[in-house]
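Per-entry structural report
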Amino acid sequence: MTPRNWLSEVDLSPANTLQLPSSAEYFCAPVTLKALQDCLRRAHQEMLPIQLLGGGSNVLLPEYLAGLVVHPALTQWWMEPRGDSLLAHVGAGVNWHALVMATVGKGLWGLENLALIPGSCGAAPVQNIGAYGVELADVLEAVEVMYLADGHLAWLSAEECAFGYRESIFKSELLGKVVITRLVLRLKRHAAPVLGYGDLAQRLGESPSSLDVANTVCRVRSEKLPDPAQLANAGSFFKNPLVSAEQARVLLDAYPAMPHFAQQNGTVKLAAGWLIDQCGLKGARFGAFGVHHRQALVLVHFGGGNRPELLAVAEQIAAEVKARFGVLLEIEPRLL
């Protein structure tokens, strides 16, 4: 029996914010856990490989994906009181920015710095999304997952997710083994602003609300980052590199104005966008792709390109940064 929402030969070009040409042999968008289990069961019966696709905002798709592409469409969420906090139980298919604005609209704190990050909630733990001094790991209580092999459910605590900078267990030990089905986020009722990153504090008055912070973050991001609906992109294309303290000192001797951020483990985080900009690449165009003219960390797609061409552009940019600074850039989006 074929599960509902099971489709064949589906165009995925609109399903990724870079608008790379891609299609799936089979596609399903289950709206319940039972429907998800049915899709997995059918895939196993037909010996089809399984790929997971969330909001498509942090992924580089090939021109054809054989097997089954699963797009979790679990969109229910609810609140559970817990002392001075609230626990938000959020389905993987909920739009992340919509969730942020819904919670700050209720006066809750915790997600406001993460406003306007594209994608679905289910993808958030994979990259440990972060912005303006806050990471998902700071607010995550637990993650519910379904194992692809047999459809059974399990819970992982935040500690078990092994979060790091844009890293998690979902990119290592559990890669290709589970689909994230639900997040539990701990939100605060009382004010807890984090305003030490960038010029957030200067843009906000005294005692801002969480909604004020979220709206300000949206304005800052909109000033710097292109809207994927207007110009295809996947947000930050390169990770901000981590270097040793010694390498950072050497670079700072040569480039005193270089942005740098000391980490708790003794390493130093550099700004990939600044490194690319210093190579004279901001606004550069390479055929169908280019470096955004306002934010060098973002690669944009003008149309007509494909993944191999994009990866070649990324490799060229990384080579120029390596040649000038001796720093290796890694791409942030996932390759399916």
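Rules and cut-offs
- All residue numbers refer to positions counted from 1 along the written sequence of the respective chain.
- Confidence filtering applies because this is a predicted model: local features only for residues at pLDDT of at least 70, side-chain atom pairs given and counted only at 80 or more, and all residues used for totals across whole chains, interfaces and linings.
- Processing note: side-chain calculations cover all non-hydrogen atoms of the structure and skip hydrogens and water entirely.
- Helix numbering and strand numbering both begin at the N terminus, where a helix is a DSSP run of H or I of at least 4 residues and a strand a DSSP run of E of at least 2.
- Here, two residues are considered to be in contact whenever any of their heavy atoms come within 4.5 Å of each other.
- Residue exposure (1.4 Å probe, protein chains only): buried if accessible area is under 20% of the type maximum, exposed if over 50%, otherwise partly exposed.
- Only strands that DSSP links by at least two bridges are regarded as paired with each other.
- Angles run from 0 to 180 degrees between N-to-C directions of axes, and those axes are lines fitted to C-alpha atoms, restricted for helices to the stretch in contact.
- One side-chain nitrogen of Lys or Arg within 4 Å of one carboxyl oxygen of Asp or Glu is enough to make a salt bridge.
- Ring pairs are drawn from Phe, Tyr and Trp, using the six-membered ring of Trp, whenever the two centres fall within 6.5 Å, and their geometry is named by plane angle: stacked under 30 degrees, edge-to-face over 60, tilted for the rest.
- For a ring to carry a charge above it, either NZ of a lysine or CZ of an arginine must fall within 6 Å of the ring centroid while also lying within 35 degrees of the normal to the ring plane.
- Counting of polar contacts relies on pairs of N or O atoms within 3.5 Å, with two restrictions inside protein: one atom must be capable of donating a hydrogen and the other of accepting it, and residues adjacent in sequence are counted only when both atoms are side-chain atoms.

**Some details on the environment of glycine 91**
Following the sequence through the fold, glycine 91 ends up in strand β7 (residues 85–91). Sequence separation of glycine 91 and glycine 122 is 31 residues, and the distance between their C-alpha atoms is 7.3 Å. Ignoring any residue separated from it by four or fewer positions in sequence, one finds glycine 91 in contact with Leu74, Gln76, Trp77, Cys121, Thr181 and Arg182.

**Topic: the environment of alanine 214**
Take alanine 214: it is sitting in helix α5 (residues 210–224). On the accessibility criterion, alanine 214 (0% relative accessible area) is buried. In this structure alanine 214 touches Met101, Val104, Glu112 and Ala115, once residues within four positions along its chain are discounted.

**Observations regarding the pairing of strand β13 (residues 232–236)**
For β13, the buried fraction is high: four of the five residues fall into the buried class. When β13 meets strand β19 (residues 298–301), the two strands line up antiparallel, connected through three bridges. The residue bridging asparagine 233 from the neighbouring strand is valine 300, located in β19.

**Side note on the sheet that holds strand β12 (residues 178–188)**
Strands pair in a sheet through their backbones, by hydrogen bonds, and they do so in one of two ways: parallel or antiparallel. Overall, antiparallel pairing links the five strands, which are arranged β6-β7-β12-β10-β11 in an open sheet. The open sheet terminates on both sides in strands that have one partner only, identified here as β6 (77–82) and β11 (153–157). Taking the axes of each pair of neighbouring strands and ignoring which way they run, one obtains an average angle of 20° across the sheet. Two elements, strand β10 (residues 140–147) and β12, share seven bridges in a ladder whose sense is antiparallel. Residue pairing across strands places glutamate 144 opposite arginine 182, the latter belonging to β12.

**Some details on the pattern of salt bridges**
Going through the model one piece at a time under the given rule, you end up with 13 salt bridges. Measuring nitrogen to oxygen at the nearest pair gives 2.7 Å for the salt bridge that ties aspartate 38 to arginine 41. Of this pair, aspartate 38 and arginine 41 both sit in helix α1 (residues 33–45), three residues apart, which is roughly one turn of that helix. Under the relative-accessibility criterion, aspartate 38 is labelled partly exposed at 22%.

**With respect to the packing of aromatic side chains**
Summed over the entire model, instances satisfying the criterion amount to five aromatic pairs. Their ring planes at 70° and their centres at 5.3 Å tell us that phenylalanine 237 and phenylalanine 238 sit as a pair that is edge-to-face. On the numbers, 6.0 Å between centres and 50° between planes, the contact of tryptophan 274 with phenylalanine 325 is tilted. Of this pair, tryptophan 274 sits in helix α7 (residues 272–278) while phenylalanine 325 sits in helix α8 (residues 307–325), and the two are 51 residues apart along the sequence. As far as burial versus exposure is concerned, tryptophan 274 and phenylalanine 325 are alike and both buried. An aromatic cluster is present here, built from Tyr255, Trp274 and Phe325 joined pairwise through their rings. Sitting above the plane of the tryptophan 6 ring, arginine 42 keeps its charged end 4.3 Å from the centroid.

**Observations concerning the side chain of asparagine 306**
By secondary structure assignment, the location of asparagine 306 is in the loop between β19 and α8. Here the side chain of asparagine 306 touches glutamate 309 through a polar contact of 3.0 Å, landing on its backbone nitrogen. Sequence-distant contacts of asparagine 306, defined by excluding residues within four places in its chain, comprise Leu20, Pro21, Glu63 and Phe289.

None of the figures reported here should be taken as evidence of function without further support.
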